[in-house]
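Given next are the chains, with one letter for each unit.
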Amino acid sequence: VQLQASGGGSVQAGDSLRLSCAASQRDFSRFYMAWFRQAPGKERHFVAAINLSGGSTAYADSVKGRFTISRDNAKITVYLQMNSLRPEDTAVYYCAASSSVIRSNLATPTAYASWGQGTQVTVSS
């Protein structure tokens, strides 16, 4: 599946952004979806994941209570609503898709076969 991420930008601390990731396949509902982020000079880190139906989600501790992942299978799109943004949230955000993940590896980049091109989020203080 091909993925196209969008919605990044430059904001002030405390602001909100909503990222979108549009998929290319109508069988989008077969894929577990996730967001990762990568700051300059650092490894790619897990942000959030969502199951096939959207009924189950998981978050990195650093974003719990501030970020919300959701999906619209009819629009073949996954979203990441980011509130109360902080300077440490600055990174390139990537969406990813996998046809099979389990809870023990859902935060591992290698569990996802398809990746979007990334969208830059910059938060200034």
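Going by the structure above, here's the rest.
Positions within a chain are numbered from 1, following the residues in the order the chain's sequence is written. Only residues with pLDDT of at least 70 get local features here, since the model is predicted, and only at 80 or more are side-chain atom pairs given and counted; chain-wide, interface and lining totals rely on the full set of residues. Water and hydrogen atoms were dropped before computing side-chain values, which therefore reflect all heavy atoms in the structure.

**Q** Help me understand the sheet that holds strand β1 (residues 3-6) in this model?
**A** Sheet strands pair by backbone hydrogen bonding; their relative direction is either parallel or antiparallel. Note on pairing: two strands pair once DSSP finds at least 2 bridges between them. Numbering goes from the N terminus for both helices and strands, where a helix is a DSSP run of H or I of at least four residues and a strand is a run of E of at least two. If you trace the four strands from one edge of the open sheet to the other, you get β1-β3-β8-β7, paired in antiparallel fashion. The open sheet has two free edges, formed respectively by β1 and β7 (67-72), since each of these has just one partner strand. In this sheet, neighbouring strand axes are inclined to one another by 15 degrees on average, regardless of whether the strands run parallel or antiparallel. Here β7 runs beside strand β8 (residues 77-82); their pairing, made up of six bridges, is antiparallel. Orientation is described by axes fitted as lines to C-alpha atoms, over the contacting stretch for helices, and by angles from 0 to 180 degrees between their N-to-C directions.

**Q** I'm lost on the environment of Asn-73 in this one. Help?
**A** Residue position: Asn-73 is located in the loop between β7 and β8. C-alpha separation for the pair Asn-73 and Asp-27, spaced 46 residues apart in sequence, amounts to 8.6 Å. In this analysis, two residues are considered to be in contact whenever any of their non-hydrogen atoms come within 4.5 Å of each other. With residues near it in sequence (within four places) discarded, Asn-73 still touches Phe-28, Ser-29, Leu-52 and Ser-53. Here a polar contact is taken to be a pair of N or O atoms separated by no more than 3.5 Å, where protein atoms must pair a possible hydrogen donor with a possible acceptor and residues adjacent in sequence count only if both atoms sit in side chains. A distance of 2.8 Å separates a polar atom in the side chain of Asn-73 from a polar atom in the side chain of Arg-71.

**Q** What exactly am I supposed to notice about the state of the cysteines here?
**A** Note on terminology: disulfide denotes any pair of cysteine sulfur atoms within 2.5 Å. This model, assessed by the stated rule, comprises one disulfide. A sulfur-sulfur distance of 2.1 Å marks the disulfide that ties Cys-21 to Cys-95. Measuring handedness by torsion sign, the sulfur bridge of Cys-21 and Cys-95 sits at about 65 degrees and is right-handed. With Cys-21 in strand β3 (residues 17-23) and Cys-95 in strand β9 (residues 91-98), this residue pair connects regions lying 74 residues apart in the sequence. Judged by relative accessible area, Cys-21 falls into the buried class, the value being 0%. With a 1.4 Å probe rolled over the protein chains alone, any residue whose accessible area is under 20% of its type maximum counts as buried; one over 50% counts as exposed, and the rest are partly exposed.

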